[in-house]
Amino acid sequence: MQEIYEYREMILSLVRRDLKGRYKNSLLGFFWTFLNPLLQLMIYTFAFSVVMPMGIENYYMHLFVALIPWIFFSTCMTGGARAIIDQQDMVKKIYFPRQVLPIAFVTSQFVNMLLSFVVVFAVLIVSGIGINIQAIVVLPAVMVIQYLFVLGIALACSAISVYYRDMEQIFGILSIGLMYASPVVYSLNSVPPEFHGILNSNPMTVLIVAYRDILFYKQIPDLKCLFIVLLESLCVVIVGWCIFEKLQRRFVEEF
């Protein structure tokens, strides 16, 4: 970890490069940061409010507050799989802790999520749903817990994908399955109680419910469940780090 800290400037530089280059030469440029979640919101809202009504008041907002953190998770799992592969020239030519690459990727996506939450807060205020200041205080903790969980996933995915290039496609399919195994487009209350234990074994379920409690229901989430997910996220980071450490030794040989 000391070595990673020494390369913090490199991480920040990669994050800035990613944020600046993401929409370079595009017509709308940086506005896609806000348009992407809004367009996805429109599609899912039409699907689950018009085609298959969910029967939830203000469903668009019920979905939106869960969709933004889900996009962060999904992007880091699928896009994070290429964090090393896409920078293979750098990996072959210069020395630096290879963990810098997935850390920078996840951090840039995290910043993107924070910017997207500007839209969330704006819609909450304009729609009249409003914000509970006491509940909002817990929101940064939920975000940090998710960051740790996602970082562990990205470390493992990026290292494994160097050896098995088709894993990116598998992670993409897995992401779709996990979305419907998490209460993103539906409410956990709509699921029979006997399945709650299975769903709650997925850390993203607890995190999605926490986001929704804070932003949609304007209440403090279950802090005990969040603490358990924090411990799980720390374990995921440790496991992801160990997998990365073991596999990075032959990165150059695989390119």
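Residues numbered from 1 in each chain as written. Predicted model: local features only at pLDDT ≥ 70, side-chain atom pairs only at ≥ 80, totals over all residues. Heavy atoms only, no water.

1. What about the overall build of the protein?
Tallying secondary structure elements over the protein gives 13 helices and zero strands in all. When the helices and strands of the protein are read in sequence order from the N terminus, they spell out α-α-α-α-α-α-α-α-α-α-α-α-α. Within the protein, buried positions represent 46% of all 255 residues. When contacts within the protein are restricted to residue pairs at least 6 apart in sequence, those whose partners lie at least 24 apart make up 79%. Accessible area of the protein: about 13,000 Å², with a carbon and sulfur share of 66%. Here the protein contributes 17 positively and 16 negatively charged side chains, and the mean placements of these two sets differ by 7 Å. (Helix = DSSP H or I, 4+ residues; strand = E, 2+ residues; numbered from the N terminus. Buried < 20%, exposed > 50% of the residue type's maximum accessible area, 1.4 Å probe, protein only. Contact = heavy atoms within 4.5 Å. Areas by Shrake-Rupley, 256 points an atom, 1.4 Å probe, with all protein chains shown as cover. Lys, Arg positive; Asp, Glu negative; His and termini not counted. Charge placed at Lys NZ, Arg CZ, Asp CG, Glu CD.)

2. A closer look at the environment of valine 120
Its place among the elements puts valine 120 in helix α6 (residues 100-127). We classify valine 120 as buried; its relative accessible area is 0%. Once the C-alpha coordinates of valine 120 and valine 15 are considered, the two residues, 105 residues apart in sequence, prove to be 23 Å apart. Those residues in contact with valine 120, other than ones at most four positions away along the chain, are Met61, Phe64, Val65, Ile68 and Leu215.

3. Observations regarding the layout of surface pockets
Estimates place the volume of the second largest pocket at around 230 Å³. Lining the second largest pocket are 13 residues; nearest its centre among them are Arg17, Asp18, Ala83, Gln87 and Phe105. Within the residue set of the lining of the second largest pocket, elements represented by two or more residues are α2 (8-21) and α6. When its residues are assigned to classes, the lining of the second largest pocket shows six nonpolar, three polar and four charged. (1 Å grid on protein atoms, 1.4 Å probe; cavity = no way out; pocket = protein on both sides within 12 Å on 5 of 7 lines; lining within 4 Å. Points joined across faces, edges and corners; volume = space filled by probe spheres on them. Nonpolar A, V, L, I, M, F, W, Y, C, P; charged D, E, K, R; others polar.)

4. Let's talk about a nonpolar patch on the surface
Together, Ile125, Ile131, Ile133 and Val137 make up a nonpolar patch on the protein surface, roughly 410 Å² of accessible area in all. By relative accessible area, isoleucine 131 is classed as partly exposed at 34%. (Patch = residues over 30% accessible without salt bridge, like charges linked within 9 Å, V, L, I, M, F, W, Y side chains within 5 Å. Salt bridge = Lys/Arg side-chain N within 4 Å of Asp/Glu carboxyl O.)

5. Concerning unusual backbone geometry
A positive phi angle, near 55 degrees, is found at lysine 218, a position not held by glycine. Positionally, lysine 218 belongs in the loop between α11 (203-215) and α12 (223-247).

6. Regarding the packing of aromatic side chains
Counted according to the given criterion, the structure contains nine aromatic pairs. Residues phenylalanine 117 and phenylalanine 121 carry aromatic rings whose centres are separated by 6.3 Å and whose planes lie at 45 degrees to one another, so their mutual orientation is tilted. Placement of the pair is phenylalanine 117 and phenylalanine 121 together in helix α6, with a separation of four residues, close to one helical turn. Taking the relative accessible area as the measure of exposure, phenylalanine 121 reaches 24% and is therefore partly exposed. The interplanar angle of 20 degrees and the centroid separation of 5.8 Å between the aromatic rings of phenylalanine 117 and tyrosine 211 together place this pair among those described as stacked. With phenylalanine 117 in helix α6 and tyrosine 211 in helix α11, this residue pair connects regions lying 94 residues apart in the sequence. Exposure remark for phenylalanine 117: the relative accessible area of 2% places this residue in the buried category. (Phe/Tyr/Trp six-rings, centres within 6.5 Å; stacked < 30°, edge-to-face > 60°.)

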